[in-house]
Amino acid sequence: MPRNLQVAINTILIFLGSAIVAVSYNLFLLPNRIASGGLSGFATIIFEVTGIEPAVTLWSLNIPLFATGIFLLGGWKYGGKTLVGTLFLPFIVYLTRNVQPAVEDPLLGALFGGIGVGIGLGLVFRAHASTGGTDLAAQIINKYSGISLGACVVVMDGLIVATSAFVFSLEFALYALIGLFVTGKTIDIIQTGVGYAKIALIITDQEKEVLDLILTKIDRGVTKLDGRGGYTSNPRQVLMCVVNRNEVTKLKQLVQSVDTEAFVVVTNAAEVLGEGFKKEAVGYNK
């Protein structure tokens, strides 16, 4: 894909994703007092306690974090994309601050808000960008403390959710955890898609016949892996094949038609790049 076109696509993804996050926040999370982690969750708590507009809180925290990130994490090459999300997301939060809540049930707010935020962040992440906030803070802490990035994010989000238990109630903190979980799962789906491919590992005495059937009947490639029996130590060939979900049943039937004693393991592949599947990773700049 031409570089200019890829840059344009990434820019659109950042703006669209940031807008979806902001609108979801005002439609579902803020009116139902769901502080499901991140600076937006912190802004919800501040709004409840002081009445300060969430957009003001987001700007006042995101901008210093962004400046610190520019200085400590790699300059403008690092921060160019992050700047867009850092400034644009609070702007949309401010513009949509008076929209009517879509639901008035905290559980529904956590579920739909988690989905909306997950979709938005997933689009931003596909553009290799960030909306700043606790993710940026976590990267700074990770670089200078040695604490893993995942642990930093979990600790900060956990502190925000725990604080919401004191400001709102334990029940609302549990709703926040639900929203946080749904957001994470939705980001995974946006990143890798819902059409999970399957990896099949096949151990059979009829190796050639099974291989020929897969090549001719399913039209999928097969890779031979060198294996060795754990009990006998005898060398064995393991056939590895990647198929779509709708091809799994046919694959198993073909193997069983040749060798009823064949050992077949089928597992999920979150993402597959290559012939017959996706050609390249979304957001990749050549």
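Residues numbered from 1 in each chain as written. Predicted model: local features only at pLDDT ≥ 70, side-chain atom pairs only at ≥ 80, totals over all residues. Heavy atoms only, no water.

- The chain has a UniProt comment under Subcellular location (unreviewed entry) that states "Cell membrane". (UniProt positions renumbered as here; feature names shortened; annotations may be inferred.)

Some details on the layout of surface pockets
- In this model, the largest pocket occupies a volume close to 570 Å³.
- What lines the largest pocket is a set of 29 residues, among which Gly37, Gly38, Leu121, Thr134 and Asp135 lie closest to the centre.
- Those elements that place two or more of their residues in the lining of the largest pocket are helix H1 (3-29), helix H2 (38-50), helix H3 (54-73), helix H4 (75-95), helix H5 (106-126), helix H6 (134-145), helix H7 (149-167) and helix H8 (170-192).
- With 5 residues, the single largest contributor to the lining of the largest pocket is H8.
- For the lining of the largest pocket, a count of residues per class yields 14 nonpolar, 13 polar and 2 charged. (1 Å grid on protein atoms, 1.4 Å probe; cavity = no way out; pocket = protein on both sides within 12 Å on 5 of 7 lines; lining within 4 Å. Points joined across faces, edges and corners; volume = space filled by probe spheres on them. Helix = DSSP H or I, 4+ residues; strand = E, 2+ residues; numbered from the N terminus. Nonpolar A, V, L, I, M, F, W, Y, C, P; charged D, E, K, R; others polar.)

A short note on the pattern of salt bridges
- Tallied over the full model, the rule gives 5 salt bridges.
- For Glu48, the salt bridge goes to Arg33, with nearest N and O atoms at 3.6 Å. In this pair, Glu48 is assigned in helix H2 and Arg33 in the loop between H1 and H2, connecting sequence segments 15 residues apart.
- Arg33 gets classed as partly exposed once you look at its relative accessible area, which sits at 33%.
- Glu207 is the salt-bridge partner of Lys224, the closest N and O atoms lying 3.0 Å from each other. Taken together, the positions of Lys224 in strand S2 (residues 223-228) and Glu207 in helix H9 (residues 207-218) put the pair 17 residues apart, joining distant regions of the chain. (Salt bridge = Lys/Arg side-chain N within 4 Å of Asp/Glu carboxyl O. Buried < 20%, exposed > 50% of the residue type's maximum accessible area, 1.4 Å probe, protein only.)

Digging into H2
- Over its 13 residues, H2 runs 18 Å from end to end, which matches the ideal 18 Å to within 8%, given 1.5 Å per residue.
- Looking one or two residues beyond H2, the residue adopting positive phi is Gly51, at roughly 85 degrees. (Expected span 1.5 Å × (residues − 1).)

Some words on the side chain of Thr57
- Summarising the element assignment, Thr57 is placed in helix H3.
- Judged by its relative accessible area of 6%, Thr57 falls in the buried class.
- With near-sequence residues (within four places) excluded, Thr57 lies in contact with Phe42, Ala43, Ile46 and Ile52. (Contact = heavy atoms within 4.5 Å.)

What to know about the UniProt feature "transmembrane region" (unreviewed entry) in the chain
- Cross-referencing UniProt, the feature "transmembrane region" (unreviewed entry) maps to residues 7-28, 83-100, 106-125, 146-166 and 172-190 in the present numbering.
- Taken end to end, residues 83-100 has its terminal C-alpha atoms 29 Å apart, with 72% of it in helix and 0% in strand.
- Here residues 172-190 is 100% helix and 0% strand, with 27 Å between the C-alpha atoms at its ends.

Remarks on the packing of H9 against helix H10 (residues 248-258)
- Relative orientation of the contacting elements H9 and H10 amounts to 145 degrees, with a least axis distance of 10 Å. When the axes of H9 and H10 are compared, the crossing they make is right-handed. Each of Glu209, Val210, Leu213, Ile214, Lys217 and Ile218 in H9 lies in contact with H10, whose residues at this interface are Lys250, Leu251, Leu254, Val255, Ser257 and Val258.
- A breakdown of the residues in the contact of H9 with H10 according to their chemical character gives 8 nonpolar, 1 polar and 3 charged. (Axes fitted to C-alpha atoms, helices over the stretch in contact; angles between N-to-C directions. Left-handed = near helix turned anticlockwise from the far one by under 90°.)

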